[in-house]
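Each chain is listed here by its residues.
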Amino acid sequence: MTKGQRPKILIFGKNGQIGFELCRSLSYLGNLTALGSVECDIADPHRIIDTLDHIKPDIIVNAAAYTAVDKAESECELAFKINADAPWITAEWASKYKALMVHFSTDYVFDGTKETPYTEEDKPAPLNVYGESKLAGDINIQNSGCDHFIFRTGWIYGTRGKNFYLTIQKLLREKEEIRVVNDQYGAPTRCRTIAGITALVLMQYISNRELENKDVLGVYNLTNSGKTTWYGFAKAIREKKRLENKSLKLADIIPISSKEYPAPARRPENSLLSCEKLQKVFGIKTPGWKEPFSSL
Ligand SMILES: NC(=O)c1ccc[n+]([C@@H]2O[C@H](COP(=O)([O-])OP(=O)(O)OC[C@H]3O[C@@H](n4cnc5c(N)ncnc54)[C@H](OP(=O)(O)O)[C@@H]3O)[C@@H](O)[C@H]2O)c1
């Protein structure tokens, strides 16, 4: 990447929650090429390398992932291909051609037993196959030696795709009663917040490139701030719907424990990530989880 030139940015995962938002937020920073699984199936190493060789990006942003947490328990091989092998192949290419790699990881790399928010230094110990495959991806990128940012996030929602916010909205209209887990803690994070902050970090990084700024690379937690449970989030969604239309009949929400909601994959009790490093290094303070939610 030469100073003064717009970098070539390649986004994998353009149709995903984060990827879709990145297509907008990163368009100001460089010349974008954005691909979905049809244009480049990252489960196929040859397709990744052919794509990278053809586009020769300065910055590779990988927002593609195998994200079906429960299904991953029975599709372990595919989850690892997409979440561990694909980032590894991409990172090796980035290392060889001096490209910057930007990748997204998850709170599910932790077991959730810590009582305070997880920092970037905490030791991962995933509880499920999805978390294991994502952690393997993080380690592969770190071991490749490429310049990279790994943003760890969690509890993502937005107005498209598959997420808790959209599911609860639908169930509120369709059901009499919804039972929602009230013993897992996290910070609902809007995908637009993640994409916007990714752009802010990259802007700072690109504009300071002539400086010795390698020490700012690495892993960063990136979520909205604050704390709630899935039940707390569901209640906030219900309240928002009620304010929008007082005559709408909405399901009641009942708090339950995770034991009462068995799922194939175990989830961490504490999904809170401390974003202090992001603030310290880049001066970026993430908004409280209710802020971007109330403007939807
Ligand atoms: N969702 C969450 O709550 C959450 C929490 C923590 C971390 N994350 C991480 O954040 C990142 C983005 O998550 P998201 O929620 O935005 O994901 P998402 O909405 O599920 O989208 C994932 C995208 O990955 C693409 N993809 C899947 N398999 C692919 C393949 N074989 N080849 C190419 N592309 C493939 C899909 O592309 P097509 O649509 O084109 O098929 C899809 O659009 C991921 O790294 C995820 O692990 C997510």
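Residues numbered from 1 in each chain as written. Predicted model: local features only at pLDDT ≥ 70, side-chain atom pairs only at ≥ 80, totals over all residues. Heavy atoms only, no water.

Trainee: How should I be thinking about the side chain of K134 in this particular structure?
Mentor: Its location among the elements puts K134 in helix 4 (residues 129–144). Polar contacts involving the side chain of K134 include one to the main-chain carbonyl oxygen of F104, which spans 2.8 Å. Contacts of K134, omitting those with residues within four sequence positions, involve A65, N83, H103, F104, S105 and T106. (Helix = DSSP H or I, 4+ residues; strand = E, 2+ residues; numbered from the N terminus. Polar contact = N/O pair within 3.5 Å; in protein donor to acceptor, adjacent residues only side chain to side chain. Contact = heavy atoms within 4.5 Å.)

Trainee: Would you take a moment to explain the nonpolar core for this structure?
Mentor: Nonpolar side chains tend to gather and get buried jointly when the protein is soluble and globular. If you look at the biggest cluster of nonpolar residues, it comprises 31 residues, and the most contacted ones within it are F12, I42, L52 and I60. Only strand 1 (8–12), helix 2 (45–55), helix 3 (76–97) and helix 4 provide two or more residues apiece to this core. Tallying contributions element by element places helix 3 first for this core, with seven residues. With near-sequence residues (within four places) excluded, I60 lies in contact with L10, F12, L52, T90, W93, A94, A99, L100, M101 and V102. In this structure, I18, V102, I194 and A199 belong to the second largest nonpolar core, which totals 29 residues. (Core = buried A, V, L, I, M, F, W, Y, C linked by side-chain atoms within 4.5 Å. Buried < 20%, exposed > 50% of the residue type's maximum accessible area, 1.4 Å probe, protein only.)

Trainee: Teacher, can you tell me more about the packing of helix 1 (residues 17–25) against helix 6 (residues 191–207) here?
Mentor: The relative placement of two packed helices is expressed as an angle between their axes plus a distance between the axes. It is the contact of helix 1 with helix 6, at a shortest axis distance of 8 Å, that shows an interaxial angle of 45°. Regarding the angle of helix 1 to helix 6, the classification is oblique. As for how helix 1 packs across helix 6, the hand of that crossing is right-handed. Residue-level inspection shows Q17, I18, E21, L22 and S25 of helix 1 in contact with helix 6, the latter providing C191, R192, I194, A195, G196, T198 and A199. In terms of residue class, the contact of helix 1 with helix 6 is built from six nonpolar, four polar and two charged. (Axes fitted to C-alpha atoms, helices over the stretch in contact; angles between N-to-C directions. Parallel < 35°, antiparallel > 145°, perpendicular 65-115°, else oblique. Left-handed = near helix turned anticlockwise from the far one by under 90°. Nonpolar A, V, L, I, M, F, W, Y, C, P; charged D, E, K, R; others polar.)

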